[in-house]
2 protein chains.
Amino acid sequence: MATTTAAQQRELAKGRYDAFLAACPSRQLFERLSDKWVGLVLCALGGGAAGPGVEASGAPRPLRYSELARALAGVSPKMLTQTLRSLERDGLVARTVTATVPVTVTYEATELGLSLHAMVRGMKSWAEDHMDDVLAARAEHDAGDRPGSAP
Amino acid sequence: MATTTAAQQRELAKGRYDAFLAACPSRQLFERLSDKWVGLVLCALGGGAAGPGVEASGAPRPLRYSELARALAGVSPKMLTQTLRSLERDGLVARTVTATVPVTVTYEATELGLSLHAMVRGMKSWAEDHMDDVLAARAEHDAGDRPGSAP
DNA sequence: CAGTATCCAGCTAGATACTG
DNA sequence: CAGTATCTAGCTGGATACTG
């Protein structure tokens, strides 16, 4: 066991990592978090998933592999597994196998994963809430921005 | 002019977009936001940049192209320009050209960009603050997790 | 159900060199 | 200073097919 607590470690870590630096490990971590599937998986496991059989309850609950696949429309088995494995390795997601027939596997966000959920969910909500603003900005930009070119 | 205000538009947009759906425009927007350079640029323009000549003031201020290039260590001119152009098009960043010799170009986050800043900054801070936790989780995972395989 | 394995098209993004 | 242009290695990730 370490002689310092997790809280102390985190305190010491303040300022030790900087994602702006290319060589800093936190840069790689930031890049991993900046992945659409990572974001969507975390949103789903944080309680943001909806769909047939998966209501948007708002409360985090374990989801089965197939539920995740349904929630993240368009995800391939390969990417889903790959994403889940990386999240599991990083301690953000816990994988639980139940020996039924056929086998049941559930995934749920760990405490660490949950601590990230607010931000990721915020990003997703932001994208949904400001879609129209962005669409408008694009239209204005693509139109040429100059008054003279407006009809 | 539209007959509805931006606030009303946003109100109406509630529930109209869902990034979980592959075909939803907000999914593409979410994917764009889930880009390391987008995240880092937004962090820098939100006042999170530090370095030689660029102190981490915490207050958002316009940055020049070269300041951004220095802040985002390792970014290539191509990616920086590409990222800035896409952010400009989406109305998240404003580009200002001042006719000096040589020409001075500054970028700053728009109100829309600033509204996203909290989340992105949160992600970057999270990565820095929890780097040790993730490192520990990886070590444990890679060791095999099982007590029997520990030395 | 919950993956794994394989193949490959295509996009990404870095390196590099050049310009108004 | 602030880009633009070009080339390409290689990684990403989708399609597809198969398995315990």
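What you see is a predicted model; the values in this text were computed from it and never measured. (Residues numbered from 1 in each chain as written. Chains lettered and ligands numbered in written order. Predicted model: local features only at pLDDT ≥ 70, side-chain atom pairs only at ≥ 80, totals over all residues. Heavy atoms only, no water.)

Undergrad: What am I meant to see in helix α6 (residues 111–129) of chain A here?
TA: Count 3.6 residues to each turn of an α-helix, and residues three or four apart come out pointing the same way. Residues and elements named next belong to chain A. Relative to the 27 Å expected for 19 residues at 1.5 Å per residue, α6 spans 27 Å between its end C-alpha atoms, a close match to the ideal helical length. The principal kink in α6, of about 40°, is found at H117. Considered for burial, the residues of α6 that qualify are L112, G113, L116, H117, M119, V120, G122, M123, K124, W126, A127 and E128. (Helix = DSSP H or I, 4+ residues; strand = E, 2+ residues; numbered from the N terminus. Expected span 1.5 Å × (residues − 1). Bend = angle between axes of the 7 residues up to and from the residue. Buried < 20%, exposed > 50% of the residue type's maximum accessible area, 1.4 Å probe, protein only.)

Undergrad: Help me understand the interface of chain B and chain A, please; the structure alone is not making it clear to me.
TA: Frequently, the measure chosen for interface size is the accessible area that the parts lose on association. Taken together, the 60 residues of chain B in the interface contact 60 residues of chain A. Summed over both partners, the interface of chain B with chain A buries about 5600 Å², with 67% contributed by carbon and sulfur atoms. On inspection of chain B and its partner chain A, the count reaches 10 salt bridges. A salt bridge links R138 of chain B to D90 of chain A; its shortest N-O distance comes to 2.5 Å. Summed over the shared surface of chain B and chain A, the result is 20 residue pairs in polar contact (both at pLDDT 80 or more). Among the secondary structure elements, those contributing two or more residues to the side of chain B that touches chain A are α1 (6–13), α2 (25–33), α3 (36–48), α5 (77–89), α6 (111–129) and α7 (131–143) of chain B. Among the elements that make up the side of chain B that touches chain A, the one with the highest residue count is α6 of chain B (12 residues). Its residues assigned to classes, the side of chain B that touches chain A comprises 30 nonpolar, 11 polar and 19 charged. (Contact = heavy atoms within 4.5 Å. Buried area = accessible area lost by both parts, 1.4 Å probe. Salt bridge = Lys/Arg side-chain N within 4 Å of Asp/Glu carboxyl O. Polar contact = N/O pair within 3.5 Å; in protein donor to acceptor, adjacent residues only side chain to side chain. Nonpolar A, V, L, I, M, F, W, Y, C, P; charged D, E, K, R; others polar.)

Undergrad: Whenever I open this one, the sheet that holds strand β3 (residues 104–109) of chain A confuses me. Can you help?
TA: Within a sheet, each strand pairs with its neighbour through backbone hydrogen bonds, oriented either parallel or antiparallel. Residue and element names in this part refer to chain A. With antiparallel pairing, 3 strands are arranged side by side in an open sheet as β1-β3-β2. This sheet does not close on itself; its edge strands, each paired only once, are β1 (63–64) and β2 (93–98). Sheet topology places β2 next to β3; 6 bridges connect them, and they run antiparallel. Following the sheet pairing, T96 is matched in β3 by T106. (Pairing = 2+ DSSP bridges.)

Undergrad: Is there a simple way to think about the protein's contact with DNA strand C in this case?
TA: Contacts to DNA strand C come from 18 residues, most closely from S66, T81, R95 and Y107 of chain A together with K78 of chain B. The sugar-phosphate share of atoms of DNA strand C within 4 Å of the protein amounts to 68%. S66 of chain A is positioned such that a nitrogen or oxygen atom in its side chain is 2.7 Å from a phosphate oxygen of DNA strand C. The side chain of Y107 of chain A places a nitrogen or oxygen atom 2.7 Å from a phosphate oxygen of DNA strand C. Where the surface near DNA strand C is concerned, the elements lending two or more residues are α4 (65–71), α5 (77–89) and β3 of chain A together with α3 and α5 of chain B. Ranked by residues supplied to the surface near DNA strand C, first place goes to α5 of chain A with 4 residues. Here the surface near DNA strand C is composed, by residue class, of 8 nonpolar, 4 polar and 6 charged. (Near = heavy atom within 4 Å.)

Undergrad: Is there a simple way to explain the protein's contact with DNA strand D in this structure?
TA: Around DNA strand D, 18 residues are found, and the nearest of them are K78 of chain A together with S66, T81, R95 and Y107 of chain B. Sugar plus phosphate, as a fraction of atoms of DNA strand D within 4 Å of the protein: 68%. Separating a phosphate oxygen of DNA strand D from a side-chain N or O atom of R85 of chain B is a distance of 3.1 Å. Between DNA strand D and Y107 of chain B, the relevant distance is 2.6 Å, taken from a phosphate oxygen to a side-chain nitrogen or oxygen of the residue. Where the surface near DNA strand D is concerned, the elements lending two or more residues are α3 (36–48) and α5 of chain A together with α4 (65–71), α5 and β3 (104–109) of chain B. At 4 residues, α5 of chain B tops the list of elements feeding residues into the surface near DNA strand D.

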